[in-house]
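Coordinates in review
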Amino acid sequence: MGFLDRERTIAPAGFNRWLVPPAALAVHLCIGQAYATSVYKTALVKHFGASLTEIGLIFSIAIVMLGLSAAIMGTWVDRNGPRKAMFTSAMFWTGGFLIGSLGIFTHQLWLVYLGYGVVGGIGLGIGYISPVSTLIKWFPDRPGLATGMAIMGFGGGALIASPVSTALLKAYDPNSGAQGWVASGDAVGKLFLTLAVAYLVYMLFGAFTIKVPADGWRPAGFDPATVKAAKLVTTENVSARNAVKTPQFWLVWVALFCNVTAGIGILEQAAPMIQDFFRTSDGASAVSAAVAAGFVGLLSIGNMAGRFAWSATSDITGRKRIYMLYLGVGAVLYTVLALAGSSTTILYVALAFLIISFYGGGFATVPAYLRDLFGTFQVGAIHGRLLTAWSAAGVAGPLIVNAFLDAQGKPGQLTAASYQPALLTMVALLVVGFVANLLVKPVSARFHEPRPDRERPHEPAMEA
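A quick note: this is a predicted structure, and the numbers were derived from the prediction, not measured. (Residues numbered from 1 in each chain as written. Predicted model: local features only at pLDDT ≥ 70, side-chain atom pairs only at ≥ 80, totals over all residues. Heavy atoms only, no water.)

Observations concerning the overall build of the protein
Across its full length, the protein carries 17 helices and zero strands. The C-alpha radius of gyration of the protein comes to 22 Å, within 12% of the 23 Å expected for a compact globule of 464 residues. With respect to the three principal axes, the spread of C-alpha positions in the protein is 80 × 50 × 50 Å. Looking at the protein as a whole, 57% of its 464 residues qualify as buried. Counting only contacts in the protein whose residues sit at least 6 apart along the sequence, the fraction spanning at least 24 positions is 85%. Carbon and sulfur atoms make up 65% of the accessible area of the protein, which amounts to about 18,600 Å² in all. In the protein, which carries 31 positive and 21 negative side-chain charges, the distance between the mean positions of the two groups comes to 3 Å. (Helix = DSSP H or I, 4+ residues; strand = E, 2+ residues; numbered from the N terminus. Rg over C-alpha atoms; globule rule 2.2 N^0.38 Å. Buried < 20%, exposed > 50% of the residue type's maximum accessible area, 1.4 Å probe, protein only. Contact = heavy atoms within 4.5 Å. Areas by Shrake-Rupley, 256 points an atom, 1.4 Å probe, with all protein chains shown as cover. Lys, Arg positive; Asp, Glu negative; His and termini not counted. Charge placed at Lys NZ, Arg CZ, Asp CG, Glu CD.)

Printed below as a string of structure tokens:
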């Protein structure tokens, strides 16, 4: 399969670098479906007779495997190039849907854990990091904009997947017109099969159109010496092995973990949460299932827009300052959501939209943050290792929310007050992340890679 080799993807002279982001988007829009799992979460609870926590574990396993596979395969992706990585991602991601559908049809929840969670999660991790270092090399003049363009696709994946999934579930379930309808397990299984085929085609399109720049390539008119000097932006390079030995890596890890944990708990519970917040005295919700699905799509817009807008803004403000916004203002917004979010739907939607835009912005900004701190040498591999924070958050976020909710009552009986303990816990986490981000300083020179133009320090000969 030599056509997947990195050497086959080197761009010819005169290649337009703006053709690269669409190829990256093709993969990220597909794997972004992970944010639309709440659309069929209630259906799986009913189908398997399971709790919210047990069904939420499917999503958590997928995010854990995302972080682990990104950390383990990061160096492999940097070495073999984006085409082979995207192809591999497509095989795992769509294979996970096929195995997951088998688990649904046979009423075997462990197969859904294995398929969507483990196998699909590996596809998530490889696909997520596959275009990042390539985009940073294509756009050395605007690294925040570059990563934002691709990673916004992951946030926007649910914008497509949520309404499409809702429509397909209705088409596959003959009882979809019934009052209080919840999709059947058979409909969810058929949905998984449909998504597997569609995503395979689109992800392979991205894999076969991606290009990497030739060694030494620079954008026309770009001079690295003209880049504005900033305290946290280095011209040195740090290897992935050395990066994990620095306090900066772990401080950014904590900041990302806290930001992701806070956002992921809402995203994973998005559709039922808005219905619970506006439950009437008779137990019914003022928000229909269709409107709740639309809300998931709206959050996807916020997630996607935040990834692009906040990340691009970080090229002007700096990464550390923008993370202060995500974590500091985010803590205030969560407090208002917990205490007053149920007063009006407009306030609830506005708060959730901003919170999720900060969540998405944190993801899109972090590759450029790492590039500023550690250079471009192995930024893809370093990014992969940092995504273990996402793995941990993928467990912590849904676990915190679902554990609190399971203790408060059953799905369909929860109210806005049921969410307060979980939301205020997220506020505390965001404060911790804010402090960690404040402590980030430039990386010590002892971790830098030796430069060819720099003479190595003289080492005295050892005595016999």
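Some points on the packing of aromatic side chains
Scanning the entire structure with this criterion turns up 29 aromatic pairs. Aromatic side chains W253 and F257 sit 5.6 Å apart centroid to centroid with 10° between the ring planes, which places their arrangement in the stacked category. Linking W253 with F257, this pair stays in helix α10 (residues 247-268), spanning four residues, or about one helical turn. By relative accessible area, which is 18% here, W253 ends up buried. (Phe/Tyr/Trp six-rings, centres within 6.5 Å; stacked < 30°, edge-to-face > 60°.)

Here we look at a nonpolar patch on the surface
A surface patch of nonpolar side chains, about 250 Å² in accessible area, is lined by L98, F105 and L193. Tracing the sequence through the fold places F105 in helix α4 (residues 82-105). Residue classification places F105 among the partly exposed positions, given a relative accessible area of 36%. (Patch = residues over 30% accessible without salt bridge, like charges linked within 9 Å, V, L, I, M, F, W, Y side chains within 5 Å. Salt bridge = Lys/Arg side-chain N within 4 Å of Asp/Glu carboxyl O.)

Examining the packing of α10 against helix α14 (residues 345-374)
Where α10 contacts α14, the two axes come as close as 9 Å, and the packing angle between them is 165°. Judged by the angle between their axes, α10 and α14 are roughly antiparallel. Handedness of the crossing formed by α10 with α14: left-handed. Side by side, α10 and α14 meet where Q248, F249, V252, L256, N259, V260, G263, I264, I266 and L267 of the first sit next to I356, F358, Y359, G362, F363, V366, Y369, L373 and F374 of the second. Residue composition of the contact of α10 with α14, grouped by class: 15 nonpolar, four polar and no charged. (Axes fitted to C-alpha atoms, helices over the stretch in contact; angles between N-to-C directions. Parallel < 35°, antiparallel > 145°, perpendicular 65-115°, else oblique. Left-handed = near helix turned anticlockwise from the far one by under 90°. Nonpolar A, V, L, I, M, F, W, Y, C, P; charged D, E, K, R; others polar.)

Section: the environment of A207
Following the sequence through the fold, A207 ends up in helix α8 (residues 185-209). Residues A207 and S89, spaced 118 residues apart in sequence, show a C-alpha to C-alpha distance of 9.5 Å. When near neighbours in sequence (up to four residues on either side) are disregarded, A207 contacts R83, M86 and F87.

Topic: the domain arrangement of the protein
Taken domain by domain, the protein holds domain 1 (2-215) and domain 2 (227-447). In this structure, domain 1 and domain 2 have C-alpha centres spaced 20 Å apart. Listed per partner, the contact involves 42 residues of domain 1 and 47 residues of domain 2. When the two sides are added together, the surface that domain 1 and domain 2 hide from each other amounts to roughly 3,900 Å², 66% of it contributed by carbon and sulfur. Where domain 1 meets domain 2, there are one salt bridge. Put simply, domain 1 and domain 2 have 15 residue pairs in polar contact (both at pLDDT 80 or more) between them. Secondary structure elements with two or more residues in the side of domain 1 that touches domain 2: α3 (52-80), α5 (109-129), α6 (132-138) and α7 (143-172). Of the residues forming the side of domain 1 that touches domain 2, the biggest block, 16 residues, is contributed by α7. Tallied by class, the residues present in the side of domain 1 that touches domain 2 amount to 22 nonpolar, 17 polar and three charged. (Domains from an automatic or database assignment. Buried area = accessible area lost by both parts, 1.4 Å probe. Polar contact = N/O pair within 3.5 Å; in protein donor to acceptor, adjacent residues only side chain to side chain.)

Remarks on the pattern of salt bridges
Counting across every chain of the model gives eight salt bridges. What you see here is one network of salt bridges that share partners, running through R142, D315, R319, R371 and D372.

A closer look at the confidence of the model for the protein
In the predicted model, the protein carries a mean pLDDT of 88, and the fraction of residues at 70 or more is 95%. Scored below 50 in pLDDT, residues 455-464 makes one contact in the model with residues more than four places away or belonging to other chains. (pLDDT = per-residue confidence, 0-100.)

Some thoughts on helix α16 (residues 388-408)
Between its terminal C-alpha atoms α16 stretches 30 Å, which fits the 30 Å expected from 21 residues at 1.5 Å a residue. Within α16 the residues assigned to the buried category are A389, W390, S391, A393, G394, A396, G397, P398, I400, V401, N402 and L405. With its phi angle positive at about 160°, G409 sits one or two positions after the end of α16. (Expected span 1.5 Å × (residues − 1).)

As for helix α2 (residues 41-48)
Of all eight residues in α2, six are buried, a share of seventy percent or more. Along α2, the positions that sit buried rather than exposed are K41, A43, L44, V45, H47 and F48. G49, located one to two residues past α2, shows a positive phi value of around 60°.

Re the packing of α10 against α16
In the contact formed by α10 and α16, the axes pass within 7 Å of each other and the chain directions differ by 40°. By the angle between their directions, the pair α10 and α16 is classed as oblique. Viewed along their axes, α10 and α16 form a crossing whose handedness is right-handed. Along the contact surface, α10 presents W253, L256, F257, V260, T261, I264, G265 and E268, while α16 presents T388, A389, W390, A392, A393, G394, A396, G397, P398, I400, V401 and N402.

Quick look at the side chain of R319
Checked against the element boundaries, R319 lands in helix α13 (residues 319-340). Look at R319 and you get buried, because its relative accessible area is 7%. Among the polar contacts made by the side chain of R319, one reaches the side chain of D372 at a distance of 2.6 Å. For R319, the contacting residues outside a window of four places in its chain are P143, G144, S311, S314, T365, A368, Y369 and D372.

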